[in-house]
Amino acid sequence: MSEDVADVLIIGAGASGAAAAWSLSDTGMRIVCLEQGGWVDPTDYPTNAANWESQSFGPYAIDPNVRGLETDYPINNDDSECVVVNFNGVGGSTILYGAHFPRLHPSDFKVKTLDGVADDWPIDYATLEPYFVENDRIMGVSGLAGDPMYPPKQPPLPPLAMGLVGETVARGYNKLGWHWWPSDSAIISEPYDGRDRCLNLGPCMSGCSQGGKSSTDITYWPRAVQRGVELRTRCRVREIAVDDEGMAKGVHYYDENGDEQFQRAEIVIMACNGIGTPRILLNSKSSHFPDGLANRSGLVGKNLMFAAS
Ligand SMILES: Cc1cc2nc3c(=O)[nH]c(=O)nc-3n(C[C@H](O)[C@H](O)[C@H](O)COP(=O)(O)OP(=O)(O)OC[C@H]3O[C@@H](n4cnc5c(N)ncnc54)[C@H](O)[C@@H]3O)c2cc1C
Ligand code: SF4
């Protein structure tokens, strides 16, 4: 195979792109990831300054339309009932996420059977369980074993302190007779994997300069890069090209200088989240796929849902 062909090309270096890169990195394949944003420098996070709250409406705002960085793309929310929040850079949206880390419940895979809505998944909790465990270990998840709402599981780190708000909510639940349990968090309650523990001061959603929050730029990516994955930042993919059989053969992208490039690849993995992935698929029109790639159903880019947990 010639040097300029990647065995696997991953588009997007966020949560899923990072995990895919790491999980394939011991195969000996040539793995390349193209990410439109850059590495973040934790010393740049707003929490390093006294005016951190107002800074959260600037370069680290959760709404890309407010942030407006050149590494972002504008999102038209006009016909949407919800505003899209994300982050574009190595680590993707985990840079700004809250790191609330509940697993799906076994019943979530069977909503059609149990509740008569939507569809059952073709896989179940037991199939995914080893991957949940592996992900918890690499990310560094804190939690309390024994939640009766789940099959037995043991988070790698003890639970975070509940704090005043958590204890107040718990007292209310007790009064109502409702079940509650300290949630799993991808925030380390003790030093872990060379990282310092969370300081429990709260402003996690403008970036954690302490390194207590497990964003994938500090968990999966250093491991994947060390094992030989090539991560190219400031590279924005425009479209996926297909061969005469309609199979993906590579991507057209713009490099950090804005110059158009083509990267050949045997396999292309999309990891650009619920907006970025359909955006590229719809842009990838060809005689084989006049309505965009993987869009014979016409449903790509439709029915976007957000989950609040
Ligand atoms: C403010 C906020 C709070 C959240 N809180 C939680 C929480 O508490 N718990 C939880 O489980 N989840 C939370 N989430 C959601 C969670 O972060 C996302 O579900 C998860 O990161 C999605 O992973 P992903 O790999 O699909 O996409 P992302 O992590 O968003 O990564 C996609 C990457 O693809 C890149 N990309 C996009 N288009 C292109 C292109 N054309 N070329 C190259 N690169 C491209 C982007 O730059 C980005 O880095 C939160 C998210 C936000 C923004
Ligand atoms: S140290 Fe803890 S509370 Fe502070 S930002 Fe990081 S994860 Fe959040």
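See the structure printed just above.
Residues numbered from 1 in each chain as written. Chains lettered and ligands numbered in written order. Predicted model: local features only at pLDDT ≥ 70, side-chain atom pairs only at ≥ 80, totals over all residues. Heavy atoms only, no water.

(A) The site of ligand 1, seen in detail. Residues in contact with ligand 1 amount to 30 residues; listed here are only the nearest, Ser16, Glu35, Ser93, His100 and Asn273. One of the backbone N or O atoms of glycine 98 is found 3.0 Å from a nitrogen atom in ligand 1. When ligand 1 sits alone it has 1000 Å² of accessible area, and the protein chains cover 81% of it. Breaking the shell around ligand 1 down by element, the ones donating at least two residues are α1 (15-24), β4 (236-242) and α8 (273-283). Per-class residue counts for the shell around ligand 1 are 15 nonpolar, 13 polar and two charged. (Near = heavy atom within 4 Å. Polar contact = N/O pair within 3.5 Å; in protein donor to acceptor, adjacent residues only side chain to side chain. Areas by Shrake-Rupley, 256 points an atom, 1.4 Å probe, with all protein chains shown as cover. Helix = DSSP H or I, 4+ residues; strand = E, 2+ residues; numbered from the N terminus. Nonpolar A, V, L, I, M, F, W, Y, C, P; charged D, E, K, R; others polar.)

(B) Summary view of α8. By the burial criterion, the buried members of α8 are Ile275, Gly276, Thr277, Pro278, Ile280 and Leu281. The elements touched by buried residues of α8 are β1 (5-11), β4 and β6 (260-270). Capping the start of α8, asparagine 273 holds a side-chain oxygen 2.9 Å from the backbone nitrogen of isoleucine 275, two or three residues further along. (Buried < 20%, exposed > 50% of the residue type's maximum accessible area, 1.4 Å probe, protein only. Contact = heavy atoms within 4.5 Å.)

(C) Representation of helix α5 (residues 125-139). Compared with the 21 Å implied by 1.5 Å per residue over 15 residues, the 19 Å span of α5 between its first and last C-alpha is a close match. On the buried face of α5, the contacting elements are α1 and α7 (220-226). Taken from the residues just after α5, glycine 140 is the one with a positive phi, measuring 85 degrees. (Expected span 1.5 Å × (residues − 1).)

(D) Expanded view of the pairing of strand β2 (residues 31-34). Where burial is concerned, the two faces of β2 agree: the one with Ile31 and Cys33 and the one with Val32 and Leu34 are both buried. Of the pairings in the sheet, the one linking β1 to β2 comprises four bridges and is parallel in character. The residue of β2 that forms the bridge with valine 8 is isoleucine 31. The β-α-β motif built from β1, the intervening α1 and the parallel element β2 has right-handed crossover chirality. (Pairing = 2+ DSSP bridges. Right-handed = clockwise from strand over helix to strand, strands pointing away.)

(E) Layout of the nonpolar core. Within the largest apolar cluster, 25 residues are counted, with the highest numbers of intra-cluster contacts made by Ile10 and Trp221. Breaking this core down by element, the ones donating at least two residues are β1, α1, β2, α5 and α7. Tallying contributions element by element places α1 first for this core, with four residues. Once you skip the residues sitting within four places of it in the chain, tryptophan 221 turns out to touch Ala13, Gly14, Gly17, Ala18, Ala21, Cys33, Trp39, Val90, Gly91, Thr216, Val229 and Leu231. Residues Ala6, Ala265, Ile280 and Phe289 belong to the second largest nonpolar core, which totals 19 residues. (Core = buried A, V, L, I, M, F, W, Y, C linked by side-chain atoms within 4.5 Å.)

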